[in-house]
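Here's the letter readout for the chains.
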Amino acid sequence: MLTDEVTIVDGLVRTIDLVTTIFLDREFEVFEEEIKRKASDKILEFFNIDNRDFGERFKISEVRFANVDNLTEDIKLNFNEILQLNNVEINVEYV
């Protein structure tokens, strides 16, 4: 005999703040604000629940690489939780 049990729980929104450093080549220094805006838009788009697919990556051609500065571990969510972005801070360093 098989049975199913339905459990209904309220959904929870877990908010995070994101502090990241993007590394740019010196030649892009004059475009810093434009690149920061583009990176911010990509991050916000990435965290928009309507636009997400599993395993999705994003890339900005001017950014050589980036680090997330304030999160040291992976974020694990329960089945009833949604991750929402609260604040974004983008720092820039040149290589």
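Residues numbered from 1 in each chain as written. Predicted model: local features only at pLDDT ≥ 70, side-chain atom pairs only at ≥ 80, totals over all residues. Heavy atoms only, no water.

A.B. asks: Mind showing me how you'd approach the packing of aromatic side chains here?
C.D. replies: Aromatic rings considered in pairs are described by the distance between their centres and by the relative angle of their planes. Evaluation of the coordinates by the stated rule reveals two aromatic pairs. Between the aromatic rings of Phe 23 and Phe 65, the centroid separation amounts to 4.4 Å while the plane-to-plane angle is 20°, which identifies the pairing as stacked. On the criterion of sequence distance, the pair formed by Phe 23 in strand E1 (residues 12-24) and Phe 65 in strand E2 (residues 63-68) is long-range, its members being 42 residues apart. Here Phe 23 falls in the buried class, since its relative accessible area comes to 10%. When its relative accessible area of 39% is taken as the criterion, Phe 65 is described as partly exposed. Relative to Phe 47, the ring of Phe 46 lies with its centre 5.6 Å away and its plane at 85°, an arrangement referred to as edge-to-face. Under the relative-accessibility criterion, Phe 46 is labelled buried at 16%. (Phe/Tyr/Trp six-rings, centres within 6.5 Å; stacked < 30°, edge-to-face > 60°. Helix = DSSP H or I, 4+ residues; strand = E, 2+ residues; numbered from the N terminus. Buried < 20%, exposed > 50% of the residue type's maximum accessible area, 1.4 Å probe, protein only.)

A.B. asks: Explain the side chain of Glu 62 to me, please; I cannot follow it from the model alone.
C.D. replies: Position of Glu 62 relative to the elements: it lies in the loop between helix H1 (32-47) and E2. On the basis of relative accessible area, Glu 62 is assigned to the buried category, the value being 16%. Within the structure, the side chain of Glu 62 is placed 3.1 Å from the side chain of Lys 38, a separation counted as a polar contact. A distance of 3.5 Å separates polar atoms of two side chains, one belonging to Glu 62 and the other to Ser 61. With residues near it in sequence (within four places) discarded, Glu 62 still touches Leu 24, Phe 28, Ile 35 and Lys 38. (Polar contact = N/O pair within 3.5 Å; in protein donor to acceptor, adjacent residues only side chain to side chain. Contact = heavy atoms within 4.5 Å.)

A.B. asks: I would appreciate a short explanation of the environment of Glu 73 in the present structure.
C.D. replies: In this fold, Glu 73 is placed in the loop between E2 and strand E3 (81-94). Residue classification places Glu 73 among the exposed residues on the basis of a relative accessible area of 65%. The sequence separation of Glu 73 and Val 19 amounts to 54 residues, and the corresponding C-alpha distance is 14 Å.

A.B. asks: So what exactly am I meant to see when it comes to the pattern of salt bridges here?
C.D. replies: A side chain with one charge may pair with a side chain of the opposite charge, provided their charged atoms come close. Scanning all chains against the criterion turns up four salt bridges. One salt bridge in this structure joins Arg 64 and Asp 25, with 2.6 Å as the shortest N-O distance. Residue Arg 64 is found in strand E2, and its partner Asp 25 is found in the loop between E1 and H1; the two are separated by 39 residues along the sequence. Judged by relative accessible area, Arg 64 falls into the exposed class, the value being 53%. Given a relative accessible area of 18%, Asp 25 falls into the buried group. We note a salt bridge from Glu 62 to Lys 38, for which the minimum N-O separation is 3.1 Å. Pair noted here: Glu 62 is in the loop between H1 and E2 and Lys 38 is in helix H1, with a separation of 24 residues, a long-range link. (Salt bridge = Lys/Arg side-chain N within 4 Å of Asp/Glu carboxyl O.)

Such coordinate-based values are descriptive only and should not be taken to indicate function.
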